[in-house]
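Examination of the molecular architecture
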Amino acid sequence: METVSPTLHSAAAVTDHSLSAAFSEPMLAPGSTTPGSYAVSGMGTGSLLPSPTGVSGGPAVFTLDWASCEMRNGVSLTLTASGMQDALGNPINPATNNVSLTGKGTAPVFSDLTVMPPEAVV
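Reading the values: the criteria
Residue numbers restart at each chain and count upward from 1, following the sequence in its written direction. Selection of residues for local features in this predicted model requires a pLDDT of at least 70, selection of side-chain atom pairs for listing and counting requires 80 or more, and totals for whole chains, interfaces and linings are taken over all residues. Just so you know, side-chain values use all the structure's heavy atoms and leave hydrogens and water out. A run of H or I in DSSP counts as a helix once it spans at least four residues, and a run of E counts as a strand once it spans at least two, with each numbered from the N terminus. Residue burial is assigned from relative accessible area. The probe radius is 1.4 Å, only protein chains are included, and a residue is buried under 20% of its type maximum, exposed over 50%, and partly exposed in between. Any N or O atom pair separated by 3.5 Å or less is treated as a polar contact, with the protein-specific requirement of one donor-capable and one acceptor-capable atom, and with residues adjacent in sequence counted only for side-chain atom pairs. Whether two residues touch is decided by their heavy atoms; if any such pair falls within 4.5 Å, the residues are in contact. Pairing between two strands is assigned when DSSP locates at least 2 bridges connecting them. With axes taken as lines fitted to C-alpha atoms, and helix axes fitted only over the stretch in contact, angles between N-to-C directions fall between 0 and 180 degrees. Here, nonpolar core means buried Ala, Val, Leu, Ile, Met, Phe, Trp, Tyr and Cys residues that are tied together by side-chain atoms lying within 4.5 Å of each other. Stacked, tilted and edge-to-face are the three classes applied to pairs of Phe, Tyr and Trp rings, where Trp contributes its six-membered ring and a pair requires centres within 6.5 Å; stacked means planes under 30 degrees apart, edge-to-face means over 60, and tilted covers the rest.

**Remarks on the side chain of serine 32**
Mapped onto the secondary structure, serine 32 falls in the loop between strand 2 (18-23) and strand 3 (38-41). Relative accessible area serves as the criterion here: at 1%, serine 32 is assigned to the buried category. For serine 32, the side chain forms a polar contact with the main-chain oxygen of leucine 28, separated by 3.1 Å. Not counting residues up to four positions away in its chain, the partners in contact with serine 32 are Met27, Tyr38, Val55, Phe62 and Met84.

Next comes the structure, spelled out in structure tokens:
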């Protein structure tokens, strides 16, 4: 019987409010699809809540989504996965359950600017 614990292999920012998380092997639901099994920390989290509002995908790659918030562009954050098991029931190893990644934010855009008064007074 295989007894090797799974690891959180990598993570990447997909949009300003979603991440992709890849594990070393297929993971067992419902732990891997439970938002509370994931946590983000660090300066790059921006306005993200500590845990995502939704998780989709699987069995080894998942998309984590947050509603109405965003990361800080180019700033490091850490994703931690806990309380989950691989498809054979081996628990994730706490020594290999987190990865660092760079946040992806959306720069503000200025549009429809108006100058008042329309002519400068000299």
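**Concerning the sheet that holds strand 7 (residues 98-102)**
The antiparallel open sheet is built from three strands, whose spatial order is 3-6-7. The open sheet has two free edges, formed respectively by strand 3 and strand 7, since each of these has just one partner strand. Strand-to-strand twist across the sheet, computed as the mean angle between neighbouring axes with direction ignored, equals 25°. Relative to strand 6 (residues 76-81), strand 3 runs antiparallel, the two sharing four bridges.

**A word on the nonpolar core**
Core analysis: the biggest nonpolar cluster contains 22 residues, and Leu19, Phe23, Tyr38, Leu64 and Leu79 have the highest contact counts within it. Elements with a minimum of two residues in this core: strand 1 (8-15), strand 2, strand 3, strand 5 (61-65), strand 6 and strand 7. Apart from the residues lying within four places of it in its own chain, the contact partners of leucine 64 are His17, Ser18, Leu19, Ala21, Tyr38, Pro52, Gly54, Val55 and Leu79.

**Some remarks on the packing of aromatic side chains**
Within the structure shown, the criterion is met by two aromatic pairs. Their ring planes at 80° and their centres at 5.8 Å tell us that phenylalanine 23 and phenylalanine 62 sit as a pair that is edge-to-face. Taken together, the residues phenylalanine 23 in strand 2 and phenylalanine 62 in strand 5 connect sequence positions 39 residues apart. Grouping residues by exposure puts phenylalanine 23 and phenylalanine 62 together as buried. Feature note: the residues Phe23, Tyr38 and Phe62 constitute an aromatic cluster, connected by ring pairs.

Interpretation in functional terms is not warranted from these geometric data alone.
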